[in-house]
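# Coordinates in review
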Amino acid sequence: MVKAKIAVNGYGTIGKRVADAVRAQDDMEIIGISKTKPNYEAAVAHQLGYDIYAPAANLGAFEKAGMPAAGTIEEMVEKADLVVDCTPGGVGEGNKSLYEKAGVKAIWQGGEDHSLAGFSFNAICNYEQAVGRDLVRVVSCNTTALCRAIYPIDKELGVKKVRVILARRATDPNDVKKGPINAIVPDPIKLPSHHGPDVKSVLPQINITSAALKIPTTLMHVHTVNMEVDKDCTVDEVKNIFGSQPRIRFVGQGMSSTAEIMEFARDMKRPRNDMWENCIWPESITVGDKEIYFFQAVHQESIVVPENIDAIRAMMELESDGAKSIEKTNKAIGLYNK
Ligand SMILES: NC(=O)C1=CN([C@@H]2O[C@H](COP(=O)(O)OP(=O)(O)OC[C@H]3O[C@@H](n4cnc5c(N)ncnc54)[C@H](OP(=O)(O)O)[C@@H]3O)[C@@H](O)[C@H]2O)C=CC1
Ligand SMILES: O=C(OP(=O)(O)O)[C@H](O)COP(=O)(O)O
């Protein structure tokens, strides 16, 4: 089988995970990753056997650091069928002309605007519409989690409206520059936060509003979700709907916080403690007067990783059935739901 040739431009929190997840698949291969500087992350990428590409002006620095680059970022892009752009939010849009010039397909992340790709992706919601596309944006971590939870409820019970309060982790665990470390910050102070409108970029029919607070933690985000639905339902019915989803996990057995969920991921020997699933507390599911309430936790560093793999598979026309791609991705990375 000829494997799809994938490049990862931007080897940070998301990029390094996407690269490893591509490597775990049998229908695609990594032809290179990009780094701008030869730091510890580049050293690990080198040890892992990734071909590293760098800006032309920095090739000498990589040579000097004992990890010679395989070429420039432009050369990497030329060799690829598809580039997954994992550069910081707002940087990726500047790469569009590079990808277009090289005639390669491109995926951007949630830090870029919907208009850049003109199509926002979530595997469970719109895989089939991504088949054969050249440009796709995988929505951000919070939006991914919301789409995964809202879509099946809408399908089974009809969603009238959704109201979400997000407690957002301040920054990622490796980030020494950002805060807050002793404050709770309404972010943004003007409602809604971008998450509700962003869900609509995937599920335009959903009436949703969101508000977000940044809190001094790095592990995960937590959502308080309220959905008004068309049909009467019971807690058990809602549990059955969530329980049948390939990327939703119920958390219990003493896991009463994000800290314990991360410990569970460590104990399961997940790579980098990754928790790719929405983590819903089943005890929090509350139903009454055609309204559903629940809490879910979101591991921001990893939740979008399987979605990137499915987006690649759809765009490269490696699989036309979304459910099959989700199953294949999950199996290859080690995401076993129950
Ligand atoms: N972190 C998160 O929680 C999530 C992030 N996202 C989205 O994913 C995208 C990437 O975010 P994240 O992984 O956190 O970002 P990071 O800052 O962790 O990683 C981005 C990497 O890109 C590299 N980089 C910087 N500038 C350039 C450039 N001009 N060209 C090539 N590479 C560059 C940097 O590495 P170096 O300079 O060392 O080479 C850096 O490590 C964003 O759109 C973000 O919104 C989505 C979901 C969750
Ligand atoms: O995509 C994310 O969050 P989001 O879903 O709130 O946009 C990531 O957690 C990155 O968020 P950041 O912009 O606070 O680093």
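Model, not experiment: these values are computed from the prediction.

## Section: the nonpolar core
Judged by nonpolar contacts, the single largest core of 46 residues is most densely connected at I33, V84, F121 and I312. No other element matches the six residues that helix 12 (residues 305–315) contributes to this core. If you count residues domain by domain, this core takes at least three from each of domain 1 (4–139 + 304–333) and domain 2 (141–298). Sequence-distant contacts of I312, that is, excluding residues within four places in its chain, are made with I6, V22, M28, L82, V84 and I107. Judged by nonpolar contacts, the second largest core, of 30 residues, contains C125, L146, C147 and V164.

## A look at the UniProt feature "active site" (unreviewed entry) in the chain
The UniProt record annotates "active site" (unreviewed entry) at C141. Looking at the secondary structure, you find C141 in helix 8 (residues 141–157). Those residues in contact with C141 that sit more than four places away from it in its chain are H221, V298, Q300, I303 and V304.

## Things to note about the domain arrangement of the chain
Accessible area lost upon the coming together of the parts serves often as the stated size of an interface. Parsing the chain into structural domains produces domain 1 (4–139 + 304–333) and domain 2 (141–298). Placing a centre on the C-alpha atoms of domain 1 and another on those of domain 2 gives a separation of 26 Å. Roughly 1,800 Å² is buried in total at the junction of domain 1 and domain 2, and carbon and sulfur atoms are behind 51% of that figure. A per-residue breakdown of the area domain 1 buries against domain 2 is headed by I124, C125 and V139, which together make up 29% of the total. Viewed at the interface, domain 2 and domain 1 are joined by six salt bridges. Applying the counting criterion to the domain 1 and domain 2 interface returns eleven residue pairs in polar contact (both at pLDDT 80 or more). Counting only elements with at least two residues in the side of domain 1 that touches domain 2, the list comes to helix 1 (13–23), helix 2 (40–47), strand 7 (120–121), helix 7 (123–130), helix 12 and helix 13 (322–333). Split into classes, the residues belonging to the side of domain 1 that touches domain 2 amount to eleven nonpolar, seven polar and seven charged.

## Examining the pattern of salt bridges
For the structure shown, the criterion picks out 22 salt bridges. A salt bridge links K328 to D26, with the nearest nitrogen and oxygen atoms 2.7 Å apart. Residue K328 is found in helix 13, and its partner D26 is found in the loop between helix 1 and strand 2 (28–34); the two are separated by 302 residues along the sequence. A salt bridge links K105 to D134, with the shortest nitrogen-to-oxygen separation between them at 3.1 Å. Of this pair, K105 sits in strand 6 (residues 105–108) while D134 sits in the loop between helix 7 and strand 8 (135–138), and the two are 29 residues apart along the sequence. Residue class for K105 comes out buried when judged on its relative accessible area of 15%. Taking the relative accessible area as the measure of exposure, D134 reaches 48% and is therefore partly exposed. If you follow the salt bridges from partner to partner, you end up with D27, R148, R247, E307, D310 and R313 in one network.

## Looking at the site of ligand 1
The full set close to ligand 1 counts 21 residues, and T13, I14, K35, T36 and D172 are the nearest of them. Within the side chain of K35, a nitrogen or oxygen atom sits 2.5 Å from an oxygen atom of ligand 1. For ligand 1, whose accessible area on its own is 880 Å², the fraction buried by protein is 78%. Counting contributing residues, the shell around ligand 1 receives three or more from each of domain 1 (4–139 + 304–333) and domain 2 (141–298).

## Remarks on the UniProt feature "binding site: NAD(+)" (unreviewed entry) in the chain
Residues given the UniProt feature "binding site: NAD(+)" (unreviewed entry) here are T13, I14, G111, R169 and Q300. Mapping T13 onto the fold places it in helix 1. Accessibility expressed as a relative area gives 18% for T13, which makes it buried. When its relative accessible area of 4% is taken as the criterion, Q300 is described as buried. Residues contacting Q300, with those up to four places away along its chain left out, are I14, C141, R169, T171, D172, P173, T218, L219, M220 and H221. A polar contact of 3.1 Å, which involves the side chain of Q300, links it to the side chain of D172.

About the criteria used
- Residues numbered from 1 in each chain as written.
- Chains lettered and ligands numbered in written order.
- Predicted model: local features only at pLDDT ≥ 70, side-chain atom pairs only at ≥ 80, totals over all residues.
- Heavy atoms only, no water.
- Core = buried A, V, L, I, M, F, W, Y, C linked by side-chain atoms within 4.5 Å.
- Buried < 20%, exposed > 50% of the residue type's maximum accessible area, 1.4 Å probe, protein only.
- Helix = DSSP H or I, 4+ residues; strand = E, 2+ residues; numbered from the N terminus.
- Domains from an automatic or database assignment.
- Contact = heavy atoms within 4.5 Å.
- UniProt positions renumbered as here; feature names shortened; annotations may be inferred.
- Buried area = accessible area lost by both parts, 1.4 Å probe.
- Salt bridge = Lys/Arg side-chain N within 4 Å of Asp/Glu carboxyl O.
- Polar contact = N/O pair within 3.5 Å; in protein donor to acceptor, adjacent residues only side chain to side chain.
- Nonpolar A, V, L, I, M, F, W, Y, C, P; charged D, E, K, R; others polar.
- Near = heavy atom within 4 Å.
- Areas by Shrake-Rupley, 256 points an atom, 1.4 Å probe, with all protein chains shown as cover.

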